[in-house]
Amino acid sequence: MRTDTPVTVYRKDYQPYPYDIPHVALAFDLAPEATEVRCVMQVQRKADASADAALVLDGEDLELVSVAVDGQPLAADRYHQSEHSLALYGLPADASVEIVSRCKPAANSTLMGLYVSGGNFFTQCEAEGFRRITWFADRPDVMSRYRVTLRAEPAYPVLLSNGNLVASRQLPDGRNEVEWEDPFPKPCYLFALVAGNLTHRETTVKTASGRDVLLQVYSDPGAETKTEWALDSLVRALRWDETRFGLELDLDRFMVVAVHDFNMGAMENKGLNIFNAAYVLADAETATDANYEGIESVIGHEYFHNWTGNRVTCRDWFQLSLKEGLTVFRDQEFSADMMAQDMDEAAAASARAVKRIDDVVTLRAAQFPEDAGPMAHPIRPDSYQEIGNFYTATVYEKGAEVIRMQHTLLGEAGFRAGMDEYFRRHDGQAVTCDDFVAAMESVYVRQHPGRDLAVFRNWYRQAGTPRVTVKLEHDAATRRVTVTLSQDCQPVGVEKKAPAGFVKAPYHIPFAIGLLDREGRALPLRHEGAERETALLELTTQTQQWHFDGIDALPVPSLLRDFSAPVIVDYDWTDAELALLSAHDSNPFARWEAGQELATRQILSLADARQAGRTLHADPAFIDAWRALLTDPSLDAAYRARALALPSEKTLAERMQAVDPPALAVARDFLRAELGRQLAAEFRQAFDDNQTPGEYSPAPVPAGKRALKNLALSHLMAAGEHEAQRLAEQQYEHAGNMTDSMAALSALINYGQGEFPQQALAAFYDKWQDNALVVDKWFALQAAARYTTVQTARELMKHPAFTLRNPNRARALVFQFCLNNARGMHHPDGTGYAFWAEQVLALDALNPEIAARLARALDNWSRFVPALRTPMQAALQQVRGHEGLSRNVQEIVSKALE
Ligand code: ARG
Ligand code: ZN
């Protein structure tokens, strides 16, 4: 195999496809070694296309059996096959094109196209997998109605595809045959089939307009006891989209199928969602609180795609954020509404803040570094080499922030009006991000005469995280406070190669602020005709000023409340001001943020001390601030668990001049232990007060208690409290749910003494060895453990349960180690990086998409301390020089080294 030649695709080069393909009939003779696919397309040349336009189809890893037009085999000189395409010439304006081809599902380790997992057949087509099933115009703006025939041996009793089941029979040769018809035109990336031995759980619900719809969740036989939460989540998602957005399920039947080998979380194929089993299967014994939450959110996400993605889809893949950013925003709101339901106002506000905090933590840990590194791209990229590399935190999570800002600017009712307008204009179409903003703008201009979203559109055009600098002045004579906001965003990633004179335009930044007096009381702010605690400032130029009157002394600003924009705030609070905000800010998000800033300063100064070889001391004022949060009776447990969580190494790294992960790890560990020692009594109290006896429930209140209790346990264990180990052992042995057993086991293996920890670890494996998702947890726990070195990771890879072929297993061990084990991965001897290079290459031979994800672990190598930078660069060069590299990995490593 030779290395693929990288080809860059540009957004500006978009050309419409010259043909319509209104109808497709697909027939599959399913067999693991070789599956034959007959594809009959109705092909109509567009009125404005040239009469000699070829019909160019995509294909990959296919054996071409035959080509016929209108029932006649096509002469050899009327078509031409090259490596990845098939061109047909001289077609009549309206033709029936029949192509027969063969693929090899059992040999397909890429998990794109048609493949075998656990003996069953599954498909994954987004973004460009359909071309591995049959020759086709594999692009999202070609939309067709599909009729699908599946034929298979009786060993595959369940045969599913998109839409409605229209026929089912047994063939004379003993095989089964079924036919499915999807009434909605769709791009081929939404095609799916599933064939195998599966069981299911189902329910029927009435939609808002009174139609009965059948909801089903399919899994391996035996796993039907673990699909109740997923099915319930699906019902909740269906109801939520009806009430919050007025969007109803448009099919009579909606299916979710769990599969163990899957490249990502899940896929929104029309009426037949295919899910990584990790986002379907759960019961109290085997799933954690985080797993339950993840299932509800991914079930929601894929279900919501039915409108935002399927009914209205993308014109081309540069528009990916059109559906992903919007659908992530919708799933975030769904989860927030589910968490806050049945609560009083204050509890609901706190629950929403908890969800917001969790989402912002993810954004800062994954997207901010991406936006500052070699892969930085706008949420609507201008170019790519491999689209599979652009399912990124930027397109998804920052994309959701850009939607959220539009929600903030328009308000809930305005945003809903904008969504209604979007569907009114574009239902059934393949459109662009611009079309979405235009629909929102049609509402915004009515609300705000004289303004528009022209500057806002820069969020789609430019990469990088803007920095907003805040200046606050007080004039005692006029009792006036003047707030000055300035923005700046340096060129990043590809922007650095822009022609000289390239200047980034300002963004439209909704910036929510509050002001507190020196006692921590909220000051009323008069802004745009209303008096409120929070003012929403709209920064649309480089620098702007606002005035607030009737204020006696210089206040303490509470900035970027609720994280109203994905920016970095620059303001020089004193530690005392941060402590005041952390104790009193009435905005729970900003209050959390103040504590995090204090902790960040504390850890960074400890890391400095560590690098300089000084002894480490924690600042008593910091310990006091933490004590205040831990013992504040007005705060619920879930919120306190977030407020007291130390910022992640990934977030802290963004604040270091030269990143030194081992120094950060030591500093964080020191602080965790020091807090455990100095607040031992308070943590012990929290541990005792937040037990959740009785039947397990994943609901936010008990889950919050477990989060706080287990945080307390980890501090007590880190402090080396003898009593703590007894508590952890007891919790491990009597835990009635996976959250508590995992938390205890993690604390024990990281900080415990004696033989118990390793014995428990071995017993855990023995108990759960037949449950793949729990075995993943077992690997992940060890891969990220403090004692795990490259050598330990290599030993673990020799375990009989380990395989690189299963992405969940590879993620549990290899990704955990490379991404989340600072000491092992970033050992100055460079062995972590050599291990990384080896695994990237091993994975690349099996599954380029997964390999490319691992390849990204070294993205930001040039910002590390010199001692690490050099071996990192060498490892990247080694991978880049490898013969036969996929274009997926090639794009990542070559951009990293540019
Ligand atoms: N559309 C899917 C989702 O909802 C993700 C598909 C990603 N495909 C891929 N090859 N990475 O998030
Ligand atoms: Zn999605």
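Before reading further, recall that the structure is shown in the block above.
Since the structure is predicted, the reported quantities are computational estimates derived from the model, not experimental observations.

(A) Structural view of the overall build of the protein chain. Looking only at helices and strands, one finds 26 helices and 34 strands in the protein chain. Compactness check: the protein chain gives a C-alpha radius of gyration of 28 Å against a globular reference of 29 Å for 898 residues, within 12% of the reference. Expressed along its principal axes, the backbone C-alpha trace of the protein chain runs to roughly 90 × 70 × 60 Å. Among the 898 residues that make up the protein chain, the fraction classed as buried is 60%. When contacts within the protein chain are restricted to residue pairs at least 6 apart in sequence, those whose partners lie at least 24 apart make up 70%.

(B) Structural view of the sheet that holds strand β7 (residues 79–82). Spatially, the three strands line up as an open sheet ordered β4-β8-β7, and their pairing is antiparallel. Only two strands of the sheet have a single partner each, and these edge strands are β4 (55–58) and β7. Across the sheet, the mean angle separating the axes of adjacent strands is 15° when strand polarity is ignored. Across four bridges, the pairing between β7 and strand β8 (residues 85–88) is antiparallel. Following the sheet pairing, H80 is matched in β8 by A87.

(C) Structural detail: the packing of aromatic side chains. In total, this model carries 35 aromatic pairs according to the counting rule given. Residues F318 and Y384 carry aromatic rings whose centres are separated by 4.8 Å and whose planes lie at 35° to one another, so their mutual orientation is tilted. On the criterion of sequence distance, the pair formed by F318 in the loop between β22 (313–314) and α3 (320–340) and Y384 in strand β23 (residues 383–384) is long-range, its members being 66 residues apart. Overall, the relative accessible area of 5% leaves F318 in the buried class. Between W459 and Y507 the ring centres are 4.3 Å apart and the planes differ by 45°, which places this aromatic pair in the tilted class. Of this pair, W459 sits in helix α7 (residues 458–461) while Y507 sits in the loop between β26 (480–488) and β27 (509–516), and the two are 48 residues apart along the sequence. The exposure class assigned to Y507 is buried, which follows from its relative accessible area of 1%. These aromatic residues form a ring-pair network of at least three members: W240, F245, F254, Y303, F304, F329, F334 and F415. Stacked on the ring of F184, the Lys or Arg K270 has its end atom at 4.3 Å from the ring centre.

(D) Representation of unusual backbone geometry within the structure. Omega for the peptide link from E126 to A127 comes to 0°, which places this bond in the cis form. Within the fold, A127 resides in the loop between β11 (120–124) and β12 (143–152). Of note, D342 is a non-glycine position whose phi angle comes to about 60°, a positive value. The phi angle at L560 is positive, at roughly 55°, despite the residue not being glycine. When you line up the elements, L560 lands in the loop between β33 (556–559) and β34 (568–570).

(E) Region of the structure containing the side chain of E597. Relative to the helices and strands, E597 is located in helix α9 (residues 588–611). Overall, the relative accessible area of 17% leaves E597 in the buried class. If we skip the residues at most four places from it in the chain, E597 touches L578 and R655.

(F) Representation of the site of ligand 1 in the model. Around ligand 1 sit 16 residues in total, of which E126, E268, E324, Y396 and E849 are the nearest. Here a nitrogen atom of ligand 1 sits 3.0 Å away from a polar atom, N or O, in the side chain of E324. With respect to ligand 1, the side chain of Y396 contributes an N or O atom lying 2.8 Å from an oxygen atom. Coverage of ligand 1 by the protein amounts to 95% of the 340 Å² it exposes when considered alone. Of all the secondary structure elements, the ones that give two or more residues to the shell around ligand 1 are β20 (266–267), α2 (289–305) and α3. Sort the elements by how many residues they give to the shell around ligand 1 and α2 lands first, with three residues. Taken together, the residues of the shell around ligand 1 break down into seven nonpolar, three polar and six charged.

(G) Molecular detail of the coordination of the zinc ion (ligand 2). Donor atoms from the polypeptide that coordinate the zinc ion (ligand 2) comprise H301 (NE2), H305 (NE2), E324 (OE) and E324 (OE), at 1.9 to 2.7 Å from the metal. Geometry at the zinc ion (ligand 2) is irregular, judged from the six donor atoms that bind it and their angles of 41 to 160° at the metal. Sequence positions of the residues that donate to the zinc ion (ligand 2) give the spacing H-x3-H-x18-E. Of this pair, H305 sits in helix α2 while E324 sits in helix α3; the two residues are 19 residues apart in sequence, bridging distant segments of the chain. In this pair, the class of H305 matches that of E324, namely buried.

(H) Spotlight on the environment of E649. Looking at where E649 falls in the secondary structure, it is placed in helix α12 (residues 649–653). In this structure E649 comes out as partly exposed when scored by relative accessible area, which is 25%. Counting along the chain gives 11 residues from E649 to D660, while the straight-line C-alpha distance between them is 9.8 Å. Excluding its chain neighbours within four sequence positions, the residues that come into contact with E649 are L664, A665, R668 and A822.

(I) Representation of the state of the cysteines in the model. One pass over the structure, following the stated rule, counts zero disulfides. Summary of cysteine pairing: C125 is not part of a disulfide, and the nearest cysteine sulfur, belonging to C188, is at 6.8 Å. For C125, a relative accessible area of 0% puts it in the buried group.

(J) Geometry of the sheet that holds strand β21 (residues 272–276). The mixed open sheet is built from five strands, whose spatial order is β17-β18-β19-β21-β20. Of all strands in the sheet, those bounded by a partner on one side alone are β17 (199–206) and β20. Pairing of β17 with strand β18 (residues 212–219), which is carried by eight bridges, proceeds in the antiparallel orientation. Paired with K206 across the bridge in β18 is D212. Sheet strands in contact with helix α1 (residues 228–245) are β17, β18 and β19 (253–259), and its direction is about 25° off that of β17.

(K) The arrangement of the pairing of β27 in detail. A large share of β27 lies buried, amounting to eight of its eight residues. Along β27, one buried face is formed by I509, F511, I513 and L515 and the opposite face, lined by P510, A512, G514 and L516, is buried too. When β27 meets strand β31 (residues 535–539), the two strands line up antiparallel, connected through five bridges. The partner of F511 across the bridge, within β31, is L537. Both β27 and β33 contribute to a ladder of four bridges, which runs antiparallel.

(L) A look at the nonpolar core. L26, F28, F191, F436, F511, F548 and W836 are the most contacted members of the largest nonpolar core, which totals 296 residues. Of all the elements, helix α5 (residues 393–426) adds the most residues to this core, at 11 residues. If sequence neighbours within four positions are ignored, F28 has contacts with T35, E36, V37, I133, V148, T149, L150, R151, F191 and L193.

(M) View of the pattern of salt bridges. The full count for this structure, using the stated rule, is 86 salt bridges. Between R457 and D434 there is a salt bridge, with the nearest N and O atoms lying 3.8 Å from each other. Of this pair, R457 sits in the loop between α6 (433–447) and α7 while D434 sits in helix α6, placing them 23 residues apart in sequence. The class of R457 is buried, set by a relative accessible area of 17%. Residue D434 is classed as partly exposed on the basis of its relative accessible area, which comes to 38%. One network of salt bridges, with partners in common, ties together D29, R147, R151, R169, D173, R175, E177, E179 and E181.

Cut-offs used in this document
Residues numbered from 1 in each chain as written. Chains lettered and ligands numbered in written order. Predicted model: local features only at pLDDT ≥ 70, side-chain atom pairs only at ≥ 80, totals over all residues. Heavy atoms only, no water. Helix = DSSP H or I, 4+ residues; strand = E, 2+ residues; numbered from the N terminus. Rg over C-alpha atoms; globule rule 2.2 N^0.38 Å. Buried < 20%, exposed > 50% of the residue type's maximum accessible area, 1.4 Å probe, protein only. Contact = heavy atoms within 4.5 Å. Pairing = 2+ DSSP bridges. Axes fitted to C-alpha atoms, helices over the stretch in contact; angles between N-to-C directions. Phe/Tyr/Trp six-rings, centres within 6.5 Å; stacked < 30°, edge-to-face > 60°. Lys NZ or Arg CZ within 6 Å of the ring centre and 35° of its normal. Near = heavy atom within 4 Å. Polar contact = N/O pair within 3.5 Å; in protein donor to acceptor, adjacent residues only side chain to side chain. Areas by Shrake-Rupley, 256 points an atom, 1.4 Å probe, with all protein chains shown as cover. Nonpolar A, V, L, I, M, F, W, Y, C, P; charged D, E, K, R; others polar. Donors = N, O, S within 2.8 Å, 3.2 Å for Na, K, Ca; no water. Tetrahedral: all angles 85-135°; square planar, octahedral: opposite > 155°, others 65-115°. Disulfide = S-S within 2.5 Å. Core = buried A, V, L, I, M, F, W, Y, C linked by side-chain atoms within 4.5 Å. Salt bridge = Lys/Arg side-chain N within 4 Å of Asp/Glu carboxyl O.

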